[in-house]
Amino acid sequence: GRPNTGLLALHALALRAACQPLGAALPVLQRLKFALDKDWRGSRRHGHPLTNYYQYGLGALAMCVQGRPLKEEVTHRLLEAQRRGRMGTGGGSAVDTEAVVGLAFACLLRAGPPHGSLAPELRAAVRAVHAKLLRARNPDGFLGNVFSTPLAMQFFIATNACSSEPALSEAGSSLLSSLDNFTNPMALSQLLPVLYGRSYLDVASISCEGEDDTLRPIHPSVPPVGPGSITVRLLVECPKKLCRHHVPYNHSVSVPTGSSLLAVLEAASKQQSHAFTFKTQDSLHGPFLTVVMKVEAKLRDRRYWQILSAPDTSLQMGIADYRPRDGETIILRLSKW
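An unreviewed UniProt entry lists the protein chain under the name Transcobalamin-2, with Crypturellus undulatus as the source organism. Quoted verbatim from the Subcellular location (unreviewed entry) field of UniProt, the annotation for the protein chain is "Secreted". A UniProt comment under Subunit (unreviewed entry) is attached to the protein chain, and it reads "Interacts with CD320 (via LDL-receptor class A domains)."

Now the structure itself:
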């Protein structure tokens, strides 16, 4: 199966943030080290890790934050990928990936030896990430989009760039005015450090003295489903060379008020009169569409199922987080990236 590099990296970061002793983290770190090796084997065939550079960079960052030695070849691979502008390959957002890999570089610089000989390359890479993230700034102030901005801000916080870059205070203001967008647990975990002027690198220096065990498991609250139902029109657009019809599906679906887009897709798949089929794959941010009407979004062909609110507003939330409005038309369009 595919390596679970990203999940193991998040687990390792969470253990350190929760002040768990190194002994508790060692089994996870050993598995993460193995996952990084397994992940890279895919590069020989695909030209990128089996997961993607985001997860690979997150794995390197987690190892560094936990103070564990990182193979020099792992650092070399990330430096080479950043130099060649490959952060967007293998799926995922280039801005998110640049930021995570930049955080890993900043962490390795801060850690010093055994990567001392790579310090000049790491410093150059940090400068390159800095410039690239600033170029990703949009007219609305975000760096990439609203959801990639927190990780980009974490990078700038970690490298003490916020006071010298006016664009970053604007990005912070844009984030503060858009907090309602953050309902996904993964997105929230990236945003919260920024609201406190921190980054994932600060996890390494948390003082755990006097910490009592106040962590309690919480059950995520499910948004209440309101009374009644809404009707959403679901439209599938697909090139004729891949589908018999350009629009193989175009029907209305009724779901309870407050339902997610995932619930809309599930309801459509259960309608007897109109055959709608889809498949999803789990990601760090929740399920994402991989197959619609038996047509797969293939990474090697650089195509994906784009989700839009008609006529042409691309949705930035995942299918489990977005809640359509009554009468809205959702378009699933097979697109190239």
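J.: I'd like to hear about the pairing of strand β4 (residues 288-292), residue by residue, with values.
T.: Along a regular strand, successive side chains alternate from one face of the sheet to the other. Extensive coverage of β4 is indicated by the burial of four of its five residues. Across four bridges, strand β3 (residues 278-281) lies against β4 in antiparallel orientation. Paired with Q281 across the two strands is F288, which belongs to β4. Where β3 folds back onto β4 in an antiparallel hairpin, the turn is made up of six residues, including G286, whose phi is positive at roughly 110°.

J.: Give me the UniProt feature "binding site: cyanocob(III)alamin" (unreviewed entry) in the protein chain: which residues, what numbers.
T.: What UniProt calls "binding site: cyanocob(III)alamin" (unreviewed entry) maps, in this numbering, to T51, N52, Y53, Y54, Q55, D96, N145, Q190, L315 and W337. In this fold, Q55 is placed in helix α4 (residues 53-65). Sequence-distant contacts of Q55, that is, excluding residues within four places in its chain, are made with T5, G6 and L284. Residue placement: Q190 occurs in helix α10 (residues 185-195). A relative accessible area of 0% means that Q190 is categorised as buried. Sequence-distant contacts of Q190, defined by excluding residues within four places in its chain, comprise Y54, F147, P150, L151, Q154, Y200 and H285.

J.: How would you summarise the packing of helix α7 (residues 119-135) against helix α8 (residues 149-158) if you had to cite specific residues and measurements?
T.: As a packed pair, α7 and α8 sit with axes 11 Å apart at the nearest point and diverge in direction by 140°. Considering the angle they form, α7 stands oblique to α8. The two elements α7 and α8 meet at a crossing, and its hand is left-handed. In this structure, α7 contributes V126, V129, H130, L133 and L134 to the contact, and α8 contributes A152, F155 and F156. Grouping the amino acids of the contact of α7 with α8 by side-chain chemistry returns seven nonpolar, one polar and no charged.

Conventions used here
Residues numbered from 1 in each chain as written. Predicted model: local features only at pLDDT ≥ 70, side-chain atom pairs only at ≥ 80, totals over all residues. Heavy atoms only, no water. UniProt positions renumbered as here; feature names shortened; annotations may be inferred. Buried < 20%, exposed > 50% of the residue type's maximum accessible area, 1.4 Å probe, protein only. Helix = DSSP H or I, 4+ residues; strand = E, 2+ residues; numbered from the N terminus. Pairing = 2+ DSSP bridges. Contact = heavy atoms within 4.5 Å. Axes fitted to C-alpha atoms, helices over the stretch in contact; angles between N-to-C directions. Parallel < 35°, antiparallel > 145°, perpendicular 65-115°, else oblique. Left-handed = near helix turned anticlockwise from the far one by under 90°. Nonpolar A, V, L, I, M, F, W, Y, C, P; charged D, E, K, R; others polar.

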